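Remarks on the overall topology
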Amino acid sequence: MRYAETGYTLEVDLTRGNVERVETDPKETELLLGGQGIAAKILFDRIPQGMDPLSPENLLIFSTGLLHGTPVPACNRTVVNTISPQTGLMAHSLMGGFFGPELKHAGYDRIVITGKAPDLVYLWIHNDKVEIRDATHLRGKGARETAKLIEEELNNQYIQVAAIGLAGENRVFTASIEHGFSSAARGPGPVMGDKRLKAIAIRGTKDVYVAKPEELFKMCIDLRKKMAESKDVGDWMASDEDDSFHHNHFAWGNARTRQKTYWSAELQQRWTDWKYDHMDRQAGCYNCPKQCINVISWPGYERFGYKCYGKDTYHMAAFKELDYSYEILGTALEYGVDSYSTPQAAAFAVELYEAGILTDEDLPDFPSDSGERIRYLLEKIVRREGIGDYLADGVYRAARRIGKGAEKYDHNTTKKFEQLPIKLGKLNPPYFLMIATGEKMAITQIEGSFPQDPLPTMKEREEFVEKWRVVIPDEKFAKYFLEWEKRHDISDEASCNITDWNEAMHYLDDSIGFCGFCSSFRGQFGGGVVYHINNMPEIVSLATGMDFDKDKLWKTFQRIRNLVRAVNVKRGMRRKDERPPEDHWAVRDEESEQRLLDIYYGFKGWTRDGIPTKETLDSLDLGFVSEDFLKSGILTGDETIASPEAPAEKDEEQKSGGR
């Protein structure tokens, strides 16, 4: 018997209209856990080198986490992976809610979708019954409207639906897949639209078995109680009304203008009143006691739910207040667009207009009000009308397509994707490494275990570390934090290890299925985090029956991390692509940054161009990757790992842009 997982993948070929239930290899589970780990292997094995992301050959993979459907609380993050049309790299996306656990209860660990339907369809999964159904009557419908209509059509109020809106249908690169008030953004939306798949609806009633139910259940009762009582887990922005950090430190408009003293007590009270006067309820995800989603009914506009920084992005793009976001978020949710990158693309167009690069000919009847301008551009983007066709590809591609100097206004993208628009003074070395070498397209999916800033006094640091020790992998992290006095002044050794630990927690979360707000993202705030590297091995072992300890789980992270890296290296990613936005920090030192990059590549066992060596891959049981790289010429087998003392060969410097 398979424990925790079902042991089956649902393979769907939309071109042929074929559906197969395929048994999987339990050895892969032990090596890669589930979720993103196994999805990365599927992409590596099956995506042809040089494939156009908008081709039938691309795969769209919806994966459950290894522990979805078990008693383990807050284990509900569905991972959606594909090759992104925006970046050309592996798209990594997460959504909460109930979709992944419902898929597990239907009897599947993941859905792998290939091909392209002749016209709009939706997928209906009810345990062993799987149908590809006509969806032409849903064309142009909003994401939540689509879910409601499918629920009525199937006469089943218990189904879970993931759907695209108009943006996905039109292959807008910043389109998202919407599920309730959760969404999967950063790549999969346009691929789902390109495949003409409007939605996936699931109803599952099967049991999920665990290896040691009594022991696991007892442990889960304690975890759930701790989670419910702790202020150190969950999305604090759902209930903490002080949002001065984002508004004073993040940039407004097109990621350039800061308003350092914007926040005030009067403004906070006004926004708090708006929220609670119009909030229907606070909602949570599958098997989680936290309620992190604020559901808002704003008079005259679509009802919507939000969490985290997503509530701020539209009013910050438009230089407006929270009421503006409350007016536009429902519309944006129905269209199905990413609330991080889409407002940046719209604000980018405003900045180009003000600079004279875009004119009235490009933007006919362009409003004078800043809020109406963002609305105007949103409508153009989701329909790919006029200049919206350019902006729908994201800021990086739009800037190069528009030309006329527009490129210099693209100051917030890395690997062709919009970053969070935080603007700081002196560089934080671990954050430089995370943003430069990260492959998840957002720092929030990489950071979180180690604090962002040092505490001012030794007494404060000692008090912090006293609580924090329960979650750290090694005592050296306590030492790093106790000795840290200035954000920019931290050792190379500490920078590498901190980056590695941050990544470890996220890569494990994304394969096991944990919500980062109860795990990887909240460790930076102290010792109250529920899931950490010291208790994860026991939880996985009790659920699956496989023996895991901390060392084995850490090696599993390294295996998954290098496999994701391999997918992107195969897609052409190299050192030249690993640059944070140029004005992310006010003070930059190119020589020091490149030296630190060499040190980190060496720490990871990668070449000076950021490619895992044959020795590194083989040591992580990734021999199939090294064999592929040798065959394709990506590796010769003679490479050495990076070192700041070893100068790059001439051809390698040319390949990396000579920087």
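Residues numbered from 1 in each chain as written. Predicted model: local features only at pLDDT ≥ 70, side-chain atom pairs only at ≥ 80, totals over all residues. Heavy atoms only, no water.

Spatially, six strands are ordered β2-β1-β6-β3-β4-β5 in an open sheet, and the strand pairing comes out mixed. In this open sheet, the two strands that pair with only one neighbour each are β2 (18–23) and β5 (90–95). Strand-to-strand twist in this sheet, taken as the mean axis angle between neighbours without regard to direction, amounts to 15 degrees. Both strand β3 (residues 60–63) and strand β6 (residues 110–114) contribute to a ladder of four bridges, which runs antiparallel. By the bridge assignment for β6, serine 63 is matched with arginine 110. (Pairing = 2+ DSSP bridges. Helix = DSSP H or I, 4+ residues; strand = E, 2+ residues; numbered from the N terminus. Axes fitted to C-alpha atoms, helices over the stretch in contact; angles between N-to-C directions.)

A few words on the packing of helix α2 (residues 35–46) against helix α24 (residues 623–632). Contact pair α2 / α24: the axes reach a minimum separation of 12 Å and the direction vectors enclose 25 degrees. With respect to each other, α2 and α24 are oriented roughly parallel. In the packing of α2 onto α24, the handedness of the crossing is left-handed. Across the interface between the two elements, Lys41, Phe44 and Asp45 of α2 pack against Phe624, Val625, Asp628 and Phe629 of α24. When its residues are assigned to classes, the contact of α2 with α24 shows four nonpolar, no polar and three charged. (Parallel < 35°, antiparallel > 145°, perpendicular 65-115°, else oblique. Left-handed = near helix turned anticlockwise from the far one by under 90°. Contact = heavy atoms within 4.5 Å. Nonpolar A, V, L, I, M, F, W, Y, C, P; charged D, E, K, R; others polar.)

In this fold, alanine 135 is placed in the loop between β8 (129–134) and α4 (143–154). Dropping the residues within four chain positions of it, alanine 135 is found in contact with Leu120, Val121, Tyr122 and Lys198.

One pass over the full model with this rule turns up 56 salt bridges. In this structure, aspartate 500 engages lysine 604 in a salt bridge whose closest nitrogen and oxygen atoms are separated by 2.7 Å. With a gap of 104 residues between them, aspartate 500 in helix α19 (residues 492–512) and lysine 604 in helix α22 (residues 590–604) connect regions that are remote in the sequence. Across the pair, lysine 604 and aspartate 500 agree in class, each one buried. Residues lysine 576 and aspartate 577 are paired through a salt bridge, measuring 3.4 Å at the closest nitrogen-oxygen approach. (Salt bridge = Lys/Arg side-chain N within 4 Å of Asp/Glu carboxyl O. Buried < 20%, exposed > 50% of the residue type's maximum accessible area, 1.4 Å probe, protein only.)

Time to look at the domain arrangement of the protein. Looking at the assigned domains, one finds that the protein contains domain 1 (8–203), domain 2 (236–418) and domain 3 (424–632). The C-alpha centroid of domain 3 is placed 28 Å from the C-alpha centroid of domain 1. Interface of domain 1 and domain 3: buried area, both sides summed, is about 3,400 Å²; carbon and sulfur atoms make up 67% of it. Counting every contact that joins domain 1 to domain 3 gives one salt bridge. In this structure, glutamate 30 engages lysine 552 in a salt bridge whose closest nitrogen and oxygen atoms are separated by 2.6 Å. Applying the counting criterion to the domain 1 and domain 3 interface returns 18 residue pairs in polar contact (both at pLDDT 80 or more). (Domains from an automatic or database assignment. Buried area = accessible area lost by both parts, 1.4 Å probe. Polar contact = N/O pair within 3.5 Å; in protein donor to acceptor, adjacent residues only side chain to side chain.)

Glancing now at the nonpolar core. Grouped together as the largest cluster of nonpolar side chains are 87 residues, with contacts concentrated most on Tyr314, Phe348, Ile374 and Leu377. Listed in part, the 79 residues of the second largest apolar core include Ala39, Ala74, Ile83 and Leu563. (Core = buried A, V, L, I, M, F, W, Y, C linked by side-chain atoms within 4.5 Å.)

Turning our eyes to something else, we now look at a nonpolar patch on the surface. A surface patch of nonpolar side chains, amounting to about 350 Å² of accessible area, comprises Met1, Tyr3 and Tyr209. Examined against the element boundaries, methionine 1 turns out to sit in the segment before β1 (8–13). (Patch = residues over 30% accessible without salt bridge, like charges linked within 9 Å, V, L, I, M, F, W, Y side chains within 5 Å. Areas by Shrake-Rupley, 256 points an atom, 1.4 Å probe, with all protein chains shown as cover.)

On to the environment of isoleucine 443, then. Inspection of the secondary structure assignment puts isoleucine 443 in the loop between α16 (429–437) and α17 (458–468). Using a relative accessible area of 10% as the deciding quantity, one classes isoleucine 443 as buried. Spatially, the C-alpha atom of isoleucine 443 lies 29 Å from that of serine 55, the residues being 388 residues apart in sequence.

Relative to β2, β1 runs antiparallel, the two sharing six bridges. From the neighbouring strand, glutamate 11 faces β2, where its bridge partner is glutamate 20. The antiparallel pairing of β1 with β2 creates a hairpin that spans four residues between the two strands, and glycine 17 there sits at a positive phi of about 70 degrees.

Further remarks concern the sheet that holds strand β17 (residues 304–306). Adjacent strands of a sheet form backbone hydrogen bonds with each other and so pair up, either parallel or antiparallel. Reading across from one edge, β15-β16-β17 is the order of the three strands in this open sheet, with antiparallel pairing throughout. The sheet is open, and its two borders are formed by β15 (279–283) and β17, each paired with just one other strand. The sheet shows a mean angle of 25 degrees between the axes of neighbouring strands, direction not considered. The sheet contact formed by β15 and strand β16 (residues 293–296) spans four bridges and is antiparallel. Paired with arginine 281 across the strands is valine 295, a residue of β16. Sitting on the sheet, helix α9 (residues 265–278) touches β15, β16 and β17, and the angle it makes with β15 is about 85 degrees. Together, β16 and β17 form the strand contacts of helix α11 (residues 322–335), whose direction differs from that of β17 by roughly 100 degrees.

Mean pLDDT over the protein stands at 95; residues scoring 70 or higher make up 98%. Per-residue pLDDT stays below 50 along residues 648–659; that stretch engages in 15 contacts with residues further than four places along the chain or on separate chains. (pLDDT = per-residue confidence, 0-100.)

Looking now at the pairing of strand β7 (residues 121–126). Within β7, five of the six residues are buried, which leaves the element mostly enclosed by the surrounding structure. Sheet topology note: the β7/β8 ladder contains six bridges and is antiparallel. By the bridge assignment for β8, valine 121 is matched with aspartate 134. Once β7 ends, the chain turns through two residues before running back antiparallel as β8, passing asparagine 127 with a positive phi of about 55 degrees. Both β7 and strand β12 (residues 197–203) contribute to a ladder of six bridges, which runs parallel. The partner of valine 121 across the bridge, within β12, is leucine 197.

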